[in-house]
Amino acid sequence: MKPLKLIIEGFGPYVNKQVIDFTVLGNRTLFLIHGNTGSGKSTILDAICFALYGETSGNERTGTQMRSNFVDSSVPTEVTLEFSVGTESYRITRNPAYGKKLVGAALWKITDFINPELIANKKTLADEKMITLLGFNAETFRQVVVLPQGKFRELLMAPVKERQKILEVLFKTEEYRVIEEALKDAAKDIKVKAEHELIKKREILNESDCSSFDDLCFKYYEYGKCIAKYEVIVKESQEKSESARNLLERVRRDNEKLKEQENAEEALKSFQHREDEFKQKQVKLINARKALPLSEVEHSLNERIKEFEKAVKDHERSVSELEEAGVMKKTAEESLNTELAGEGERVTAQETLSSLTGFKEKVKDIEITKKEIILYETTRKKLSEKIVNTKVRYEYLKNELTQYQSELVNVSAIASQKELLERELATLQQKHQQSIQLDKLKKEFLIAQNELVKSQQHYENLQLNLKQAKEKLDSLNALWIEGQAAILAKSLTAGKPCPVCGATEHPAPAAKTDNIPTEMDIKIGGVAVDQFELNISFTRKEKSDIESTLAVLRSKIESLEISLVAEGDTAVAVTLAQGKLKAAKDAEIRLETIRKTLNVLEKQSTDLQKEIESNETELKTVIENESKARSKAEVIEKDVSEEFRTENALLKAIEQVQAIVLKLKENLEKARANESSASSNFAAKTESLKNIKKHLQLSSEQKETLQLQFLTKLKEAGFDDVAEFQKAKMITSGIETLEREISDFFTSMQTAKDRVGRAKDVARELSLSDIKVFEDAYEASRGEYEKHLKIYFDLKNTHTNIGNYIAKLEKTEKEISSLEKTYSNLGYISDVANGKNAYNITFQRFVLASVLDDCLLVASKRLQVMSRGRYTLERMVSAKTGRAAGGLDLEVYDSYTGISRQVSTLSGGESFLASLSMALGLSDVVQSYSGGIHLETIFVDEGFGNLDPESLDLALKALVDLQAAGKLVGIISHIPELKERIDARLEVTFNGKGSSTRFIV
Amino acid sequence: MRFIHTSDWHLGRFFFGLHLTADQEYLLKEQFIPLIKDTKPNVLLISGDLYDRAVPPLEAIALLDEVLYKIIAELKVPVVIISGNHDSGERLAFASRFLSEQKLFVFGQFNPDVDSVTISDSYGTINIYPLPYTEPVTIREAFSDKNITDHNTAVSEVLNIIKLKHTATNRAIVMAHVFTIGGETCESERPLSSSSSAGGIDTVNTSLFNGFNYTALGHLHRAQTVGNNTVRYSGSLMKYSFSEANHVKSVELVDMDKDGNCTSERIPLTPKRDLRQITGFLKGILNNENRSDDYLEVTLLDEGALLNPMEKLREKYPNVLKIERPMLIKTDTKFSNSLAHKNVTKSELFSCFFKEVENKDLSDEQKTVFNEILNNINKYNQ
């Protein structure tokens, strides 16, 4: 099995579809699967194992567990493997059960890549097929093709039974086991058969009531002797009985002879009694013979008489017929005459017929014309009706028209006012607006007045304020000046000139008053004054504004008032005017519609008029036609008489006349025919009567002659009269029987006579004897004889039985001995083959052992290299463990110590090397066995980490050498050393969301 | 000009579980460095496989460091190194640009523009062209030439380019780490491409090296000349496998004259512990030979089982590494294992089985009985 392409999806850490194409390797057959821990290296092996068998390589994870947890539920978990076995390629696809999906599998055979052939599409079927294809099941696969992580030691450490199983599968040693079984069964068979034979032997001995074969023989001999003795006795008694019987026989015969004689005489007597009777019969016979020829003549005479009578009858009949014919003829003639007389009638009938036919045409015309007339009438009526209707409509229409026209006039009058009304309305509205405006203005005026008043007040207030403020300021100023003076006065010193006046003496310096305003105060006061003044001016301005506004308003109001003199309530007027205007507008619209209707109506009326005209003209023509037709009809009617005016009546009449004519003709014909036939009939009948008369004559003559003949003959024969003759008549067959009877009787009488004669001769000298005595004697002797015979036969039976028993017994003995002989061989062989031998090894085990030896040889070679010459693998041979279970245990021979020891004592790295060499050895040997399985691949999952660098080197060397054999070797390892040593690599990387693979070659 | 050509030091190698670093140290320090001191070459050429592994053990690195220092700094001899198939070229060539200024020329990666080291002597210049071990794939991709599929074509392509670039008046030495046709291999050489099948693809024609004054090759562990007299393998530093037990380990001391003609001398190296093979009976070996620390492979001619031979031998020879037992018939099992019952019929097989198990032959009657059963089974199967 060599994998070609592996497609994984949703399996383990592989989320996306991964395609691993092993064919990329080309002819490189050693490659490394490399990647970080947990990236998915072993998963690839799991996938291959799963694809093939539905189980994973370590058998620790189930298919369901392999479903990747990284995928969402839309991605399926599926593994497809394309692989080759020998020269054929296959593809298998599997998916485990997960979620709602059931487990599934499909297997195809790939003959060409375009259409693979589906071999199996269910899991169970696919599994079976895989096992037959590959030749081994998942267990073996795990031990031999894939060395799984941590589990590679299994093959080495496996208990014997399991190793045996694996080897059995690989090397197909099943057949040896079958041989073992067959041997065992055959031996058992023989044993059973032998038992049967023994039982048979015992049965025979029981039946024969002997204890042994010899006893039986002795009995046989004894019986033989007895039999001989009895034979003699039997013979003697037989002779005796024979003689008694003979005697008895003779006596019997004599008695019979005598009896015979008696019987014969009696028979003869009976015959003699009947002799007379038969003599009479003879006479009768003679007479009958005489009468024979005469009967013929009689017969013919009778015939002639019959003929004569018939002729008479005919004659009579013929006469009567003739009479009848005569009558008929007369009647026929009479009728004919009558018919001929009625000729005139015929002629008239014919004439009527012809005239009537002449009318046919005319009548037709009449009919047509009548039809026309009717048609014209109806049309006329319709037309006139129509005209009337139309006229009515027309009137109606005209009325409407006038109505509308009058309305039109009204409406247009109203409509024409529209413009006027519009203008009025406009002016009214304007006036209305003006009044509104006037009101507004008045209001404003009032407001302005108010304001003026207010502002006036304000102005006065302000004036007041200003005055106050001015006063204050003045006071302040005065104070200040005084103050200044005080200040100045303070700074006055005597002797210094006063800054104001320059005096040097200061007698009365201004005293400081308390409330000297500061400059600030003065300023403030000034400011206030200014403010007020400003306000006043402002207010003044305001006031003047308001006054001006007032003036304007006043003027406006005045003007408006003038124009609105006595307008009254403009609003009402406006609404009125609006109403009127609306009416005028409506009227306009109405006018339009009226106009339109008027047009339509006018059109209609003209149409109607036209219609009326046309109808009237039509009517005229129709009336004309009608009158024409009527006149035509009248003309024609003149010709045709009343009752024939209709076609039907005419036809009927014609028919009638025709019928009459026909009938007349017929009658004439008939009468003619009758007459002719009747006359011919009459003639024929006269003719026949003549013939019959002649015939009658003849016949009577013949009768007479024959009668005479008969009578003469009768006399000649000796009969007196006819009656006698009748009596003597007898038919021919009767004569014959009578003859026979007579002769028989006489012959039998004769025989009886002879018999009597004979019997007399025979019984001449005999006399009757008593038979009983002889009979008794015979009986006695016979009884004795039979007794003896019975005894003899009994003896003989027993003797033969014994003989049979002896024969059977002999046969059985022979059988037993031969079976024993066979068993001795077969049983021996069977025992040996099934393990009952010095080494407790069964045949199959032996074969397996030798196979295992071969494997171990190859494995040891490799192991030697890998362990630097130290270890070899061997098979344990001690037969301590009983029951044919030995022979397949493994042990390792350590050349350093010279002793073999258990395989389990090897270290981790050493056991890895041992397992590797074991697997390699197995696969090598399997290949070379005929019918072997193709192990073209081997995968090693980790384990190289257990090795030191030198051993790693050696192990790798061993694997590299494998390539030469064309094996595909896949190594899974994370050791970087290997990465450098092996150039074909499959990199597996895990990128957080899933793993991906890539071949680097 | 005088130079020393050596290769395949395999520092850090394990041998049967033992570190050989101590022995290598002995060789390098006690023999090789004195040799250099004595012979005073102009340059030292090491043609690859300096380390045994891509990531060598620390002692090996320390050793190399010390040795190179001694040679370059103390003895003032420039050293040209190329990487081999055991080394990791990239790792080896770390800081090579700096190192080259100090006369340690390390070439670990393939350079499509040819590298060269120039040495001048009194007669002119000598170009040394180093070709570190490269996979053909790399060369193919560098030249984008699809015809380069194996080592032969790769090397020939590279050499052609070198030849083109070389100034004809100068003398030329090529260093390469290849496996030439006609070379003799031994156990301890790792095949060049792990993907190559046995033989053929990884070999190189010796004719490619025609035209160079000297070709300093590395990879094969036996010192040998291939083809031309000037194409030589210097051999490994010491014996690395028992198949080399009869090799003589040496380095090449080459003198090149003004015309490029080379005369070379092999200078042998004696390691502290030799690697050799002993054959004999256990008793004899134990009695006769003197105690020795050499690495030994002992072939015992005794038939039958021996008790603890390794222990006994190691008393005398503590470095016995391997015991061969060619006489040991593995049929102290009762069953001959060359049955080859693939070609044997079942009844013959059974007779064999019978004989083995019961120690007597199958009688004719028994044979017939067996055959009958066999026939029945076959009939039943059909």
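Here, every reference points to the structure presented above.
Everything numeric here is computed off the predicted structure, so don't read it as measured data.

A. Structural context of the overall build of chain A. If you tally the helices and strands in chain A, you get 18 helices and 15 strands. Here chain A holds 1001 residues, and 38% of them are scored as buried. Within chain A, counting contacts between residues at least 6 apart in sequence, those at least 24 apart form 76% of the total. About 58,500 Å² of surface is accessible on chain A, with carbon and sulfur atoms providing 54% of the total.

B. Region of the structure containing the sheet that holds strand β14 (residues 231–233) of chain B. Residues and elements named next belong to chain B. An order of β7-β8-β9-β12-β14-β13 is seen for the six strands of this open sheet, with the pairing classed as mixed. In this open sheet, the two edge strands, each paired with only one partner strand, are β7 (117–121) and β13 (224–225). Strand direction decides the pairing type here: strand β12 (residues 214–218) and β14, joined by three bridges, are parallel. Residue pairing for β14: Thr-215 is matched across the bridge by Val-231.

C. Representation of the packing of helix α7 (residues 213–341) of chain A against helix α11 (residues 647–717) of chain A within the structure. Residues and elements named next belong to chain A. With their axes 5 Å apart at the nearest point, α7 and α11 run at an angle of 160° to one another. Of the possible angle classes, the one that applies to α7 and α11 is roughly antiparallel. Of the two elements, α7 crosses α11, and the hand of that crossing is left-handed. Considered class by class, the residues forming the contact of α7 with α11 number 26 nonpolar, 16 polar and 15 charged.

D. Quick look at helix α6 (residues 174–207) of chain A. Its 34 residues place the ends of α6 of chain A 49 Å apart at the C-alpha level, agreeing with the 50 Å of an ideal helix rising 1.5 Å per residue. Those residues of α6 of chain A not exposed but buried are Tyr-176, Ile-179, Glu-180, Ala-182, Leu-183, Ala-186, Ala-187, Ile-190, Ala-194, Glu-197, Ile-204 and Leu-205 of chain A. The inward-facing, buried residues of α6 of chain A contact α7, α14 (771–833) and α15 (843–866) of chain A together with α9 (346–358) and α10 (364–381) of chain B. Phi for Asp-209 of chain A, located one or two positions after α6 of chain A, is positive at around 60°.

E. Structural context of the interface of chain A and chain B. Across the boundary between the two partners, chain A contributes 55 residues, which contact 51 residues of chain B. Of all residues in chain A, Tyr-828, Phe-846 and Tyr-896 of chain A bury the most surface against chain B, accounting for 14% of the area lost on that side. Along the contact surface separating chain A from chain B lie five residue pairs in polar contact (both at pLDDT 80 or more). Looking at the side of chain A that touches chain B, the elements that each hand over two or more residues are α6, α14, α15, β9 (871–875), α17 (949–963) and α18 (976–981) of chain A. For the side of chain A that touches chain B, the residue count by class is 26 nonpolar, 13 polar and 16 charged.

F. Spatial organisation of the environment of Ile-841 of chain A. All names here are of chain A. For Ile-841, the position within the fold is in the loop between α14 and α15. Classification of Ile-841 as buried rests on a relative accessible area of 4%. Through-space distance from the C-alpha of Ile-841 to that of Leu-888 is 9.8 Å; in sequence the pair is 47 residues apart.

G. Inspection of the sheet that holds strand β5 (residues 88–95) of chain A at higher detail. All names here are of chain A. Read from one edge of the open sheet, six strands run β2-β1-β4-β5-β6-β7, paired in antiparallel fashion. Bordering the open sheet on either side are β2 (18–21) and β7 (117–120), each of which pairs with just one other strand. The sheet shows a mean angle of 20° between the axes of neighbouring strands, direction not considered. As defined by bridge partners, strand β4 (residues 78–85) adjoins β5 across seven bridges and the pair is classed as antiparallel. If you follow Phe-83 over to β5, its bridge partner there is Tyr-90.

Cut-offs applied
Residues numbered from 1 in each chain as written. Chains lettered and ligands numbered in written order. Predicted model: local features only at pLDDT ≥ 70, side-chain atom pairs only at ≥ 80, totals over all residues. Heavy atoms only, no water. Helix = DSSP H or I, 4+ residues; strand = E, 2+ residues; numbered from the N terminus. Buried < 20%, exposed > 50% of the residue type's maximum accessible area, 1.4 Å probe, protein only. Contact = heavy atoms within 4.5 Å. Areas by Shrake-Rupley, 256 points an atom, 1.4 Å probe, with all protein chains shown as cover. Pairing = 2+ DSSP bridges. Axes fitted to C-alpha atoms, helices over the stretch in contact; angles between N-to-C directions. Parallel < 35°, antiparallel > 145°, perpendicular 65-115°, else oblique. Left-handed = near helix turned anticlockwise from the far one by under 90°. Nonpolar A, V, L, I, M, F, W, Y, C, P; charged D, E, K, R; others polar. Expected span 1.5 Å × (residues − 1). Buried area = accessible area lost by both parts, 1.4 Å probe. Polar contact = N/O pair within 3.5 Å; in protein donor to acceptor, adjacent residues only side chain to side chain.

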